[in-house]
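This is what each chain is made of:
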There are 2 protein chains.
Amino acid sequence: MKLATLRTGPRSTMAAVQLEAGTYLPLPAADAGALLAVPDWRAKAEEAVRTAVSTAVVRVPDTELAPVVPRPGKVICCGLNYGDHIQEMGRELPEYPTLFAKFADTLAGPADRITVAGSDSVDWEAELAVVVGATLTRADEDQAEAAIAGYTMANDVSMRDWQRRTLQWFQGKAFDASTPLGPVLATADEFDGTGVEVRGYVNGELVQRGHTRTLVFGPARLLSYISQFTTLRPGDVVLTGTPGGVGMGMVPPRFLADGDVLVTEIDGIGRLENQVRIQPVGGMREPAPAFSGTTTAEPAARS
Amino acid sequence: MKLATLRTGPRSTMAAVQLEAGTYLPLPAADAGALLAVPDWRAKAEEAVRTAVSTAVVRVPDTELAPVVPRPGKVICCGLNYGDHIQEMGRELPEYPTLFAKFADTLAGPADRITVAGSDSVDWEAELAVVVGATLTRADEDQAEAAIAGYTMANDVSMRDWQRRTLQWFQGKAFDASTPLGPVLATADEFDGTGVEVRGYVNGELVQRGHTRTLVFGPARLLSYISQFTTLRPGDVVLTGTPGGVGMGMVPPRFLADGDVLVTEIDGIGRLENQVRIQPVGGMREPAPAFSGTTTAEPAARS
């Protein structure tokens, strides 16, 4: 099953099952993340699909898709996780996952325009994301595997200049409305998180390509690890890292230009397509265009 | 005015004004953070105090205090921010603030027992925290200053072994229910965030002592800086760094032992007092005591 979150108004959303591309059956939950917290959500969703009347089905353009989990309690990201890329750079495989956090405000919809103000080195990071379906505390890998609701995609668009200002990456990774998430959540029964290719394109050019069989820390291991220090709950999102081919790794380094189109693709989930607008770096004290942190359903963020 | 959040049940809280130590007037808001989002909260709180009947006033022990903002949208921490300590270590003052994030689950009440499982190097970090009172996006320092609701305290209890497993500190800084926050929020009109001494004690011994006049990035500057990349909202919390005297800086390094009592103190706010329980490091696959991420009002966390 593929779950989605539809925008129903400037500040409202609704969960849905994707019946086919562009066609959805709304479900009585605020978003896909909230749906996962409902006991027996799976059986209820299947029943709804089975018994739906045709007038309940809606056709929705991608621009009306919210981030698939718009209000996660936690968004945790893993860096340095593609083993083949690490080794081709001559480095050793890490012993522990490198982890950092984002906020719900960081997320953007699968077809939203991403507007960045104040950075001159905006880079791309196509990623598989895993969504938690059950509460996990100090879980082993089997418990974590069983708790995976499903998978989606993200692009951890990164402001490298901010990221490198200090040793802690967070400030370059947490710009509002910069990380598209979606377009759908493919449930774990139909999607193998360790068996897919992750692809990233800039203006149609394939720049990133990695296979999740090469992840040093797979989805279940990541959830298990994280659950040792913090509780994971339904709707929490973990980004699993990005393959080689990011802009800062190129020689010379390459970054997104104003108007570039970023595409992220994984077969079995779909595609993110985000135009990136880059506003000139004005400095903190110069009058700057209003950069409002968008909620999940702000019309202004949509292309 | 001093605002607090009282625990009213296992999962419920209520905002209050502290009339004097241990004595509170409840206010009709879920917690102090939610109160800050109410237009005119200040006038309403003052009116409530002025007109309160004696039967509305409650006496509440510190153990019934929740983290003063139990459900902040964002908790952002600044490291490496006490200029005198940086210089005494022979380093240069930083050009940019080092920032990392915590979750709401990371917070604990002002008198809660802090239980740590899975770390063998638990350290202390007494801090001044600033609480946001108005929405800030790309704000200058004056706007940020005007948006400060008030100040509180935190102890950024850090699991140094986890913190140093990788270059990103986050996993050592985000253990559930490990960062006490409170006991009250002293509003900005009565409290000068750049004019106070921050003190930390372990088992009654003064180990940390710093003055916020030596902050490299003061509260308003920090809020302004952060608001360049993410929107800050009422109830968001920013920890402003810790002075010298942390355990890992001692020779030899010193860490908390099971049963140690950690006290954090700032005149004009009050004191945090937390007993720390350290459970043996069992490893991920060994049967471990249930380490449940506590909500703000879990009775089990209270000493």
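All of these numbers come straight from a predicted model, not from anything done at the bench. Numbers given to residues run from 1 along each chain, matching the order in which its sequence is written. Each chain is given a letter, starting from A, and each ligand a number, starting from 1, according to the order in which they appear as written. Whole-chain, interface and lining totals are the exception, using all residues; otherwise, since this is a predicted model, local features are given only for residues with pLDDT of at least 70 and side-chain atom pairs are given and counted only at 80 or more. Processing note: side-chain calculations cover all non-hydrogen atoms of the structure and skip hydrogens and water entirely.

A. View of the sheet that holds strand β14 (residues 197-202) of chain A. All names here are of chain A. Sheet architecture is open: five strands sit in the order β8-β18-β17-β14-β15, paired in mixed fashion. Both outer strands of the open sheet, β8 (114-117) and β15 (205-211), are each paired with one neighbouring strand and no more. Mean inter-strand twist for the sheet, computed between neighbouring axes without regard to direction, equals 20 degrees. The criterion for strand pairing is that DSSP finds at least two bridges linking the strands in question. Only DSSP runs of H or I covering at least 4 residues are called helices, and only runs of E covering at least 2 are called strands; the numbering of each starts at the N terminus. With four bridges joining them, β8 and strand β18 (residues 270-279) adopt parallel strand pairing. By the bridge assignment, Thr-115 is partnered in β18 with Arg-277. Axis angles are defined between N-to-C directions and span 0 to 180 degrees, where every axis is a line fitted to C-alpha atoms and, for a helix, only to the segment in contact.

B. Seen up close, unusual backbone geometry. Note that the residue after Gly-182 of chain B, namely Pro-183 of chain B, is joined by a cis bond; omega there is 0 degrees. Inspection of the secondary structure assignment puts Pro-183 of chain B in strand β13 (residues 179-187). Residue Pro-252 of chain B is bonded to the preceding Val-251 of chain B through a cis peptide linkage, with omega at -5 degrees. Checked against the element boundaries, Pro-252 of chain B lands in the loop between β16 (237-239) and β17 (261-266). Positive phi is not limited to glycine here, since Asp-40 of chain A has a value of about 65 degrees. Counting through the fold element by element, Asp-40 of chain A comes out in the loop between α1 (32-36) and α2 (41-51). You will see that Arg-138 of chain B, though not glycine, has its phi angle at about 45 degrees, which is positive. Along the chain, the position of Arg-138 of chain B falls in the loop between β10 (126-132) and α4 (141-146).

C. Spotlight on the interface of chain B and chain A. Working rule for contacts: check all heavy atoms of both residues, and any pair within 4.5 Å makes them a contact. Counting residues at the interface gives 42 residues for chain B, matched by 42 residues for chain A. Together chain B and chain A conceal approximately 4000 Å² of surface at their shared face, both sides included; 56% is due to carbon and sulfur atoms. Just to be clear on terms, a salt bridge is a Lys or Arg side-chain nitrogen sitting within 4 Å of an Asp or Glu carboxyl oxygen. Across the contact surface, chain B and chain A share four salt bridges. Lys-74 of chain B serves as the salt-bridge partner of Asp-105 of chain A, at 2.5 Å between the closest nitrogen and oxygen. For this analysis, a polar contact is any N or O atom pair within 3.5 Å, provided that within protein one partner can donate a hydrogen and the other can accept it, and provided that sequence-adjacent residues contribute only side-chain to side-chain pairs. Counting every contact that joins chain B to chain A gives 20 residue pairs in polar contact (both at pLDDT 80 or more). Contributions of two or more residues to the side of chain B that touches chain A are made by β5 (75-79), β6 (98-102), α6 (170-173) and α7 (219-226) of chain B. Here the quantity called buried area is the total loss of accessible area, with a 1.4 Å probe, experienced by two parts when brought into contact, counted for both.

D. Region of the structure containing the state of the cysteines. Residues and elements named next belong to chain A. The disulfide criterion is simple: two cysteine sulfur atoms within 2.5 Å. Counting across every chain of the model gives zero disulfides over all chains. Cys-78 carries a free sulfur, and the closest cysteine sulfur to it, the one in Cys-77, is 8.9 Å from it. Cys-78 gets classed as buried once you look at its relative accessible area, which sits at 2%. We call a residue buried when its accessible area falls under 20% of the maximum for its residue type, exposed when it is over 50%, and partly exposed in between, using a 1.4 Å probe and counting protein chains only.

E. Region of the structure containing the relation of the copies chain B and chain A. You can overlay chain B on chain A at an RMSD of 0.0 Å; the transform is a turn of 180 degrees with a shift of 0.0 Å along its axis. Each copy turns onto its partner about a two-fold axis. For chain B, the minimum C-alpha distance to the rotation axis belongs to Gln-168 of chain B and amounts to 2.9 Å. A high fraction, 100%, of the interface residues of chain B reappear at the interface in chain A, so the copies pair face to face through one surface. Here the copies were fitted onto each other by least squares, based on C-alpha atoms from residues at pLDDT of at least 70 in both.

F. Representation of the environment of Arg-71 of chain A within the structure. Residue and element names in this part refer to chain A. Here Arg-71 shows up in the loop between β4 (58-59) and β5 (75-79). Placed 164 residues apart in sequence, Arg-71 and Gly-235 show a C-alpha to C-alpha distance of 8.0 Å. Within the structure, the side chain of Arg-71 is placed 2.7 Å from the side chain of Thr-13, a separation counted as a polar contact. A polar atom in the side chain of Arg-71 sits 3.2 Å from the side chain of Asp-31.

G. Main features of the pattern of salt bridges. Scanning the model with the defined rule gives 42 salt bridges over all chains in all. A salt bridge links Lys-173 of chain B to Glu-125 of chain B; the nearest nitrogen and oxygen atoms lie 3.2 Å apart. Taken together, the residues Lys-173 of chain B in helix α6 and Glu-125 of chain B in the loop between β9 (122-123) and β10 connect sequence positions 48 residues apart. Here the two residues Lys-173 of chain B and Glu-125 of chain B agree in accessibility, since each one is buried. The closest approach of N and O atoms between Asp-267 of chain B and Arg-199 of chain B, which form a salt bridge, is 3.0 Å. Residue Asp-267 of chain B is located in the loop between β17 and β18 (270-279), and its partner Arg-199 of chain B is located in strand β14 (residues 197-202); the two are separated by 68 residues in the primary sequence. Judged by relative accessible area, which is 53%, Asp-267 of chain B ranks as exposed. One salt-bridge network, in which partners are shared between bridges, spans Glu-197, Arg-199, Arg-209, Glu-265, Asp-267, Arg-271 and Glu-273 of chain A.

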